[in-house]
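This is what each chain is made of:
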Amino acid sequence: MSKRKPGRFGAPTPWQRQALADLRAIGAEQPDTLRVVGVPDRTDDGALAITIEIDTRGTVSVEGGIRLQPRERFVLRVPSSPLLPPQVDVTHTRFIGYPHVLQGHRLCLYLDPAREWNPAGGIRSSLNRLWAWLGDAAGNRFNASTALYHAVGGVLHQSAGTPTIVVREPVLGKCVQAAYLIPRTAQRLDLTFTPQEPPTARLPVIILPAPLPMGAGTTLVELLRQIDAPLASRAPTARPFAPAVLTSLATSVVRNAEDTPQYLLLAVPHPAGGPPHLLAGRIPANAANELRSLARRQPGCLSTLTPSAVNPALPIEWCRVSDERHTVTTRRDDNRPVNSYQHKHIHIWGCGGIGSWTAEFIARAGAARITLCDPSVVTGGLLVRQNFLETDLGAAKAAALADRLRNIDDRLTVDIAEGLVPEDAEQIMNHADLVIDATVSLAIGQCLDVLARTPNRKATLAQIATDTRTGTLGILTVCAPRTLQGPHSLDSLAGLSVLDDHQLELYHALWQEAEPDDELIPTRGCSVPTFHGSSADLAAVAATLTTFLGMQLAASKSGTHLVALPHARSGPHHH
């Protein structure tokens with residue numbers, strides 16, 4: 001907070017005036033509980049800083065919770081617009097090190113302001129959040145493991161223009177170890193601990209001895225200071241760690257090319273234990289050159305470098321870390337039916353309107369390997385319905401789709417089987433987890449009927465399709481490994497049952513011959529009739545069938561699902 005000359009920022013906004021008036025009204029109603037202290041101030045960002053004092057004697061404290069004084073002072077920073085919630089600060093360091101205390105002085109009242117902040121509730125709602133926060137903090141009810149960015153001061157460390165560092169390999173237990181950055185795109189660098197040849201950049205990965213509750217600073221010297229005295233109120237540690245950090249930086253910077261930046265990755269221990277928080281820094285090229293000069297002036301004795309030798313203005317920029325280590329990531333779809341596809345080998349025969357979308361959904365679901373089979377070629381008219389791009393025109397569908405899937409997940413193996421069906425189809429029955437027929441080919445369906453009788457078949461067989469006229473209906477037939485019938489046979493049996501049931505008339509079209517107007521002639525002349533429907537229709541049908549197929553895989557059961565999208569003739573339906 002800093003004082004400004006009167007009038008420099010103009011008068012408070014109506015929202016700020018209303019907030020102040022409401023606070024004073026509450027104080028008048030409950031003078032023993034809340035009091036507005038002094039005159040509000042303006043901050044550099046245009047917020048109105050209002051100091052309040054509240055009576056906390058009714059708050060119950062337990063062991064491990066924040067210890068409150070009978071009356072506590074807070075600074076409410078009310079932004080100029082109600083689009084953002086007020087911020088609550090303290091002017092002391094008694095709360096430092098507790099969960100949801102950011103940079104030692106800011107109370108984290110809203111984890112997600114977009115959902116939790118309701119401007120209609122006004123400043124009273126913020127006071128209620130503050131009282132609830134104090135009750136939880138004193139009662140030791142915060143979960144330190146989930147406190148936002150708690151290990152590094154509770155705020156995001158990111159500088160404009162820096163790349164994202166992708167970390168997927170585990171960080172080993174060494175205090176300092178060398179790693180390498182592999183450029184993937186202009187905005188992405190992948191970290192690996194496997195030695196790489198130039199032009200990859202070498203960087204140290206450093207496990208810090210303690211969290212950084214005040215943040216990591218914006219200069220190298222500030223960072224080194226925070227490492228050895230992470231709490232503003234605490235004296236520097238008896239055995240400083242900053243020289244080791246500086247030495248490891250110097251060791252890397254002299255190995256990297258002149259006029260290149262120097263990166264470092266900090267593994268910051270979390271106060272609640274568990275995997276460390278990762279913080280990636282970048283020393284810009286000019287500053288890195290200065291550090292190189294410093295290191296080269298002390299050849300053979302880098303360990304003698306001390307923070308006092310570093311230019312205090314040497315900047316450090318912070319990069320966003322895409323922390324994808326298994327120990328810290330949780331898949332958002334872990335409890336969904338598509339979880340059944342994780343780590344599986346899946347064949348998809350037919351990469352058209354349904355198959356091309358299904359392949360993408362399964363790739364995103366975490367399949368380990370997908371084998372595509374479709375010899376046809378991408379043409380321009382398909383782009384309104386199928387999962388291809390302008391750059392795919394003229395390419396084989398399987399090849400184009402394989403490229404797309406490989407870009408979804410580096411860990412996914414995608415290969416292509418030649419022909420209408422793979423030559424080694426019988427062997428596939430014994431090593432694949434799932435074979436999906438999305439070809440709408442009677443011949444291939446009958447082929448799968450024969451393959452279904454393969455002794456000790458491992459693969460589940462499935463057939464998926466939509467209707468020709470609207471693209472709003474879907475059918476899925478699944479044959480579990482112990483089922484000797486193939487999907488074509490089960491589909492025929494299901495058709496007899498459905499056609500005999502007037503309550504399922506909506507789905508009769510799936511088994512009836514197409515009427516002259518049902519199919520679309522995409523180009524004038526002797527053009528192969530094709531399907532109606534949009535990409536939204538087919539993606540929705542494919543997504544629905546992919547979900548039901550995941551459920552069938554989890555249950556290891558055979559069966560048929562019929563689905564109708566919300567805009568189908570009779571509305572949404574599932575049978």
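Above this text you will find the structure in question.
Residues numbered from 1 in each chain as written. Predicted model: local features only at pLDDT ≥ 70, side-chain atom pairs only at ≥ 80, totals over all residues. Heavy atoms only, no water.

## Quick look at helix α5 (residues 242-253)
Worth spelling out the cut-off: Runs of H or I in DSSP of at least four residues are treated as helices and runs of E of at least two as strands, each being numbered from the N terminus. A helix is expected to span 1.5 Å for every residue after the first. Partly exposed residues are those whose accessible area sits between 20% and 50% of the maximum for their type, while under 20% is buried and over 50% is exposed, using a 1.4 Å probe and protein chains only. Contacts: residue pairs with any heavy atoms within 4.5 Å of one another.
With 12 residues, α5 ought to run about 16 Å at 1.5 Å a step, and its terminal C-alpha atoms sit 16 Å apart, in line with that. When you tally the buried positions in α5, you get 9 out of 12 residues, the bulk of the element. Restricting attention to buried positions, one finds in α5 the residues A242, V245, L246, T247, S248, L249, A250, S252 and V253. Against the buried residues of α5 lie β8 (176-185), β10 (201-207), α4 (220-228), β11 (262-268), β12 (277-283) and α6 (285-296).

## Some words on the sheet that holds strand β13 (residues 317-323)
Applied cut-off: The criterion for strand pairing is that DSSP finds at least two bridges linking the strands in question. Lines are fitted to the C-alpha atoms to define the axes, a helix being fitted only along its stretch in contact, and any angle between axes, read from their N-to-C directions, falls within 0 to 180 degrees.
The strand order around the closed barrel built from 7 strands is β7-β9-β8-β10-β11-β12-β13, with neighbouring strands paired in mixed fashion. Averaged over all adjacent pairs, the angle separating strand axes in this sheet is 35°, with direction ignored. Where β8 lies against β10, 6 bridges are found, and the strand directions are antiparallel. Of the residues in β10, the one forming a bridge with A178 is P204.

## Notes on the packing of aromatic side chains
Two numbers describe a pair of aromatic rings. These are the distance of the centres and the angle of the planes. Note the threshold: By convention, a stacked pair of Phe, Tyr or Trp rings (six-membered ring in the case of Trp) has centres within 6.5 Å and planes under 30 degrees apart, an edge-to-face pair has planes over 60 apart, and any other such pair is tilted.
For the coordinates displayed, the defined rule picks out 4 aromatic pairs. Judged by centre distance (6.1 Å) and plane angle (70°), the ring pair of W15 and W117 falls under edge-to-face. On the criterion of sequence distance, the pair formed by W15 in helix α1 (residues 14-29) and W117 in the loop between α2 (113-116) and α3 (122-138) is long-range, its members being 102 residues apart. Note on W133 and F142: the rings are 5.4 Å apart at their centroids and 55° apart in plane angle, and the pair reads as tilted. Ring pairing ties together the aromatic residues W15, Y110 and W117, which thus form one cluster.

## Thoughts on the layout of surface pockets
Note the cut-off: The rule is simple: put a 1 Å grid over the protein atoms alone, call a set of points where a 1.4 Å probe fits but cannot get out a cavity, call an open set with protein on both sides within 12 Å along at least five of seven lines a pocket, and count a residue as lining if it has an atom within 4 Å of a point. Grid points are joined across faces, edges and corners, and a volume is the space filled by probe spheres set on the points. Any residue that is not Ala, Val, Leu, Ile, Met, Phe, Trp, Tyr, Cys, Pro, Asp, Glu, Lys or Arg is counted as polar, Gly included; the first ten are nonpolar and the last four charged.
There is about 1,100 Å³ of room inside the largest pocket. Every residue lining the largest pocket is counted, 35 residues in all, and those nearest its centre are T468, A509, L510, W511 and Q512. Looking at the lining of the largest pocket, the elements that each hand over two or more residues are α10 (442-451), β18 (460-466), β19 (473-479) and α11 (487-499). Broken down by element, the residue count for the lining of the largest pocket peaks at 4 residues, all from β18. Its residues assigned to classes, the lining of the largest pocket comprises 14 nonpolar, 12 polar and 9 charged.

## A short note on the environment of A396
Along the polypeptide, A396 turns up in the loop between β15 (369-373) and α8 (397-406). For the pair A396 and V377, spaced 19 residues apart in the sequence, the C-alpha separation amounts to 4.3 Å. Beyond its immediate sequence surroundings of up to four residues, A396 is in contact with S376 and V377.

## Brief notes about the sheet that holds strand β6 (residues 106-107)
A sheet is described by the order of its strands in space; here 6 strands give the open sequence β1-β2-β3-β4-β6-β5, paired in antiparallel fashion. Of all strands in the sheet, those with a lone pairing partner are β1 (34-42) and β5 (101-102), marking the two edges. In this sheet, β6 lies alongside β5 in antiparallel orientation, the contact comprising 2 bridges. Residue pairing across strands places L102 opposite R106, the latter belonging to β6. Along the sheet, α3 contacts β1, β2 (48-55), β3 (71-78), β4 (87-89), β5 and β6; its crossing angle with β2, the most-contacted strand, is approximately 50°.

## Digging into the pattern of salt bridges
So the rule is basically this: Whenever a carboxyl oxygen of Asp or Glu lies within 4 Å of a side-chain nitrogen of Lys or Arg, that contact is scored as a salt bridge.
On inspection of all chains with the given rule, the structure shows 26 salt bridges. The closest approach of N and O atoms between D136 and R141, which form a salt bridge, is 2.9 Å. Given a relative accessible area of 26%, D136 falls into the partly exposed group. Residue classification places R141 among the exposed residues on the basis of a relative accessible area of 54%. For the salt bridge of R406 with D403, the shortest nitrogen-to-oxygen distance reads 3.2 Å. In this pair, R406 and D403 both sit in helix α8, 3 residues apart, roughly one turn of the helix. If you follow the salt bridges from partner to partner, you end up with R168, R184, R188, D190, E324 and D410 in one network.

## Quick notes on unusual backbone geometry
Notably, N140 is not glycine yet its phi reads approximately 55°, a positive angle. Here N140 shows up in the loop between α3 and β7 (164-167).

## Some words on the nonpolar core
What counts is decided by this rule: Only buried residues count toward a nonpolar core, which is a set of Ala, Val, Leu, Ile, Met, Phe, Trp, Tyr and Cys residues joined through side-chain atoms within 4.5 Å.
Ranked by internal contacts, the top residues of the largest apolar core, which has 39 residues, are I370, L372, L405 and I436. Contributing elements (two or more residues each) for this core: β14 (345-349), α7 (355-364), β15, α8, β17 (434-437), β18, β19 and α12 (535-555). Looking at which element gives the most residues to this core, the answer is α12, with 7 residues. Discounting chain neighbours no more than four positions away, the residues touching I370 are I346, I348, A359, I362, A363, L405, L412, T413, V414 and D415. A151, L212, L220 and L246 belong to the second largest nonpolar core, which has 33 residues in total.

## Some thoughts on the pairing of strand β16 (residues 413-416)
Just so we agree on the cut-off: For a crossover, the right-handed case is the one in which the path from the first strand over the helix to the second runs clockwise, viewed with the strands pointing away from the viewer.
The pairing of β15 with β16 spans 4 bridges and is parallel. Along β16, the bridge assignment pairs L372 with I416. With respect to chirality, the unit in which β15 leads through α8 into the neighbouring parallel β16 is right-handed.

## Let's talk about α8
Along α8, the residues that are buried comprise K397, A398, A400, L401, A402 and L405. On the buried face of α8, the contacting elements are α7, β15 and β16.

## Some thoughts on the side chain of T483
Position of T483 among the secondary structure elements: in the loop between β19 and α11. Those residues within four positions of T483 in sequence are excluded, and the remaining contacts are A452, R457 and S558.

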